[in-house]
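Here is how the chains run, residue by residue.
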Amino acid sequence: MLDVKLHNIRDFTLDPHRKVDDYPYGGGAGMVFTPEPVFRAVDFLKEDGEPRKIVLLSPQGRPFSQSMAEAYSKEDERFVFICGRYEGIDERVRTLVDEEVSIGDYVMTGGELAALVIIDAVTRLVPGVLGDDRSSEDESFSWGLLDYPHYTRPREFRGLTVPPVLVSGNHKDIWNWRRKQALKKTLKVRPDIIEQAELSDLDKKLIDEIYSEEDI
Ligand code: 4HQ
């Protein structure tokens, strides 16, 4: 089971204007998220005494990854995602935070979409949540590479055909073809992943084939 609750930070303000931002000490452009409502919201959420992991979404955080999604999906602890707005959040909020996480090197208007991205990636890994029985070996990142191309019926669509190997029924050939396509795609768009990966002798052979065949 998975349960998501949304809390409006303005509900934790103490002033009639429900203000959550203020000018930065030291000057400069933009506004800063004020600490009081965030502390009050976290205090409220901790009232039941249940343990929680407090996660702050921010471009300064640890980059979110599939391995973090897997780890989160296995936790039975609850999570609180603090989603800031404006230029940033008052630094003292970090004293409440267990983990600071980023979904990528870009700046959004707020952390809400980052929290949704994490919730989405974790949800699909929670057993039974989506009623799925996908085997994890089929998933692209568990290969440690980008995904290989997928095809379904019809065999020919607007003159575009399905690679014959996929209808050959030869599972070894199909596996090798998929692995080679995954290596090819990854070499092209994410060479950094190839550098990190532990490549088998077969992978090295497939990479040699790719280089001898193509201009990549
Ligand atoms: N923001 N990964 C600015 C992000 C972000 C990201 C969240 C926008 C924090 C203050 N969060 N607020 N990238 O761009 O997580």
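As shown above, the structure is provided for reference.
Everything in this summary refers to the structure shown in the same document. (Residues numbered from 1 in each chain as written. Predicted model: local features only at pLDDT ≥ 70, side-chain atom pairs only at ≥ 80, totals over all residues. Heavy atoms only, no water.)

### Considering the pairing of strand β4 (residues 78–83)
Sheet topology places strand β3 (residues 52–63) next to β4; 6 bridges connect them, and they run parallel. Counted as the bridge partner of K53 is F79 from β4. Between β3 and its parallel partner β4, the chain crosses via helix α2 (residues 66–74), and the hand of that crossover is right-handed. (Pairing = 2+ DSSP bridges. Helix = DSSP H or I, 4+ residues; strand = E, 2+ residues; numbered from the N terminus. Right-handed = clockwise from strand over helix to strand, strands pointing away.)

### A word on the packing of α2 against helix α3 (residues 112–123)
Axes are the key here: two packed helices are described by the angle between their axes and the distance separating the axes. Interaxial distance between α2 and α3 falls to 8 Å at its minimum, and their mutual angle equals 70°. In terms of orientation, α2 lies roughly perpendicular with respect to α3. For the pair α2 and α3, contact is made by A69, Y72 and S73 and by I118, A121 and V122, respectively. Taken together, the residues of the contact of α2 with α3 sort by class into 5 nonpolar, 1 polar and no charged. (Axes fitted to C-alpha atoms, helices over the stretch in contact; angles between N-to-C directions. Parallel < 35°, antiparallel > 145°, perpendicular 65-115°, else oblique. Contact = heavy atoms within 4.5 Å. Nonpolar A, V, L, I, M, F, W, Y, C, P; charged D, E, K, R; others polar.)

### Quick word on unusual backbone geometry
Following R153, the chain continues to P154 via a peptide bond in cis, the omega torsion being 5°. Structurally, P154 can be placed in the loop between α3 and β7 (156–157). In this model, Y86 sits at a positive phi of 65°, which is unusual for a non-glycine residue. Relative to the elements of secondary structure, Y86 occurs in the loop between β4 and β5 (88–89). A relative accessible area of 35% places Y86 in the partly exposed class. (Buried < 20%, exposed > 50% of the residue type's maximum accessible area, 1.4 Å probe, protein only.)

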